[in-house]
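Each chain, letter by letter, is given below.
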Amino acid sequence: MEVSGYALGEGVIAEKLAEVYDGFDLNANARWRSVLRLASRFNNKKRMTSAASCASIAQGIFAGLRKWSEIDDNRSKLVLLDNKDLEYLEAACLLHNIGLVTGKKGYHKQSYHIIMNGEHLHGYSTEEVKLIALLARHHRKKHLQLDHHSLNDFTNEMKQKFRVLCTIIRLSAVLKQYQILNSHDIELSHSLEGFKLVVRDTSGGNIDQSIPAAIDVELRKELDHFENVFEQKLSVVVLSSSSG
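A quick note: this is a predicted structure, and the numbers were derived from the prediction, not measured.

About the cut-offs
- Residues numbered from 1 in each chain as written.
- Predicted model: local features only at pLDDT ≥ 70, side-chain atom pairs only at ≥ 80, totals over all residues.
- Heavy atoms only, no water.
- Helix = DSSP H or I, 4+ residues; strand = E, 2+ residues; numbered from the N terminus.
- Buried < 20%, exposed > 50% of the residue type's maximum accessible area, 1.4 Å probe, protein only.
- Polar contact = N/O pair within 3.5 Å; in protein donor to acceptor, adjacent residues only side chain to side chain.
- Contact = heavy atoms within 4.5 Å.
- Arc of directions from axis to C-beta.
- Core = buried A, V, L, I, M, F, W, Y, C linked by side-chain atoms within 4.5 Å.
- Salt bridge = Lys/Arg side-chain N within 4 Å of Asp/Glu carboxyl O.
- pLDDT = per-residue confidence, 0-100.
- Axes fitted to C-alpha atoms, helices over the stretch in contact; angles between N-to-C directions.
- Parallel < 35°, antiparallel > 145°, perpendicular 65-115°, else oblique.
- Left-handed = near helix turned anticlockwise from the far one by under 90°.

Section: the side chain of His225
- Mapped onto the secondary structure, His225 falls in helix α8 (residues 213-230).
- Owing to a relative accessible area of 16%, His225 belongs among the buried residues under this scheme.
- Reaching out from His225, the side chain makes a polar contact with the side chain of His143 at a distance of 3.4 Å.
- Contact partners of His225, with chain neighbours within four places excluded, come to His143 and Thr167.

Written as structure tokens, this is what we have:
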């Protein structure tokens, strides 16, 4: 008797596809379902919306950095990014605020403990679960140094990926507080002057083009950190549909 970890009907088809097509990921749906299940278990509707906004912003930043990493021969601080890295980032974004179920104080630490304990995430290796948990924990407050004992089990490549992904989720977590953002509003481009993150309001309304002061303070800190990681400046430009 041959045992399949998948549904009897669909599992046979999925396993045959995996034999024929290189790169066919048998566990992709199981992994993502477990992420969504964990996020919805600890988040109410408002926090789920916030988490989804964070993930959408992160996708836009990730896409711009990935494109740059593939064509810029002078990059020195960025490892090549792939679809699995985007999956880790999106999972961390959806789970970064689940610790709020116990209150705001230290919620990022609670998010880490929930992800790490209880075997909630399925289809991920132990290293992948830890990466997602660390990204959730360090989306705010102190920056984690690469020589920290939490990263001792990671390879050098994984440490560099953590550094890049952590920079993205921290920036996304700040920008999500700017309420006009949605998945179509953000684009990261690169030029000789550095990176430019363009935020567009597509609602058609007249909005204040300035970022609120409290968010601006946090944003400036993350822009400085971005420059430290990538050795490139990052500017943020906010445009409304009426500003052209």
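Having seen the model, we can carry on.
With respect to helix α5 (residues 107-116)
- Regarding α5, the residues found buried are Tyr107, His108, Ser111, Tyr112, Ile114 and Ile115. Each buried residue of α5 lies within a common arc of 165° when the element is viewed along its axis, so the set occupies one face.
- One or two residues past the end of α5 sits Gly118, with phi positive at roughly 95°.

Quick word on the nonpolar core
- Core analysis: the largest hydrophobic core is formed by 61 residues, its most contacted members being Leu65, Leu95, Ile115, Leu121, Ile132 and Ile168.
- Filtering out sequence-adjacent residues up to four positions away, Leu121 remains in contact with Ser34, Val35, Leu38, Leu95, Ile115, Val129 and Ile132.

Remarks on the pattern of salt bridges
- Throughout the structure, instances matching the rule amount to 8 salt bridges.
- When the shortest N-O distance is used, the salt bridge between Glu87 and Arg31 registers 2.6 Å. Taken together, the residues span a long stretch of sequence, with Glu87 in helix α4 (residues 83-95) and Arg31 in helix α2 (residues 28-42) at a distance of 56 residues. For the residue pair Glu87 and Arg31, the accessibility class agrees, reading buried in each case.
- A salt bridge links Glu227 to Lys233; the nearest nitrogen and oxygen atoms lie 3.5 Å apart.
- Where salt bridges share partners, they join Asp82, Asp85 and Lys161 into one cluster.

Re unusual backbone geometry
- Non-glycine residue Lys141 carries a positive phi angle of around 65°.
- Position of Lys141 among the secondary structure elements: in the loop between α6 (126-137) and α7 (156-175).
- You can call Lys141 exposed: its relative accessible area is 55%.
- Although it is not a glycine, Glu231 adopts a positive phi angle of roughly 55°.
- In this fold, Glu231 is placed in the loop between α8 and β3 (234-240).

Topic: the confidence of the model for the chain
- Summarising the model, the chain shows a mean pLDDT of 84, and 77% of its residues fall at 70 or more.
- When mean pLDDT is taken per element in the chain, α5 scores highest with 97 and helix α1 (residues 8-20) scores lowest with 67.

Points about the packing of α4 against α7
- At a minimum axis separation of 10 Å, α4 and α7 run at an interaxial angle of 45°. Taken together, α4 and α7 sit at an angle that is classed as oblique. Where α4 crosses over α7, the handedness of that crossing is right-handed. Here Asp85, Tyr88, Leu89, Ala92 and Cys93 of α4 come into contact with α7, specifically with Lys161, Leu165, Ile168 and Ile169.

Re the environment of Gln59
- The topology assignment puts Gln59 in helix α3 (residues 45-71).
- Its relative accessible area of 34% is what places Gln59 among the partly exposed residues.
- Along the backbone, Gln59 and Ile186 are 127 residues apart, and their C-alpha atoms lie at a distance of 9.0 Å.
- Excluding residues within four positions of it along the chain, Gln59 makes contact with Leu86 and Glu90.

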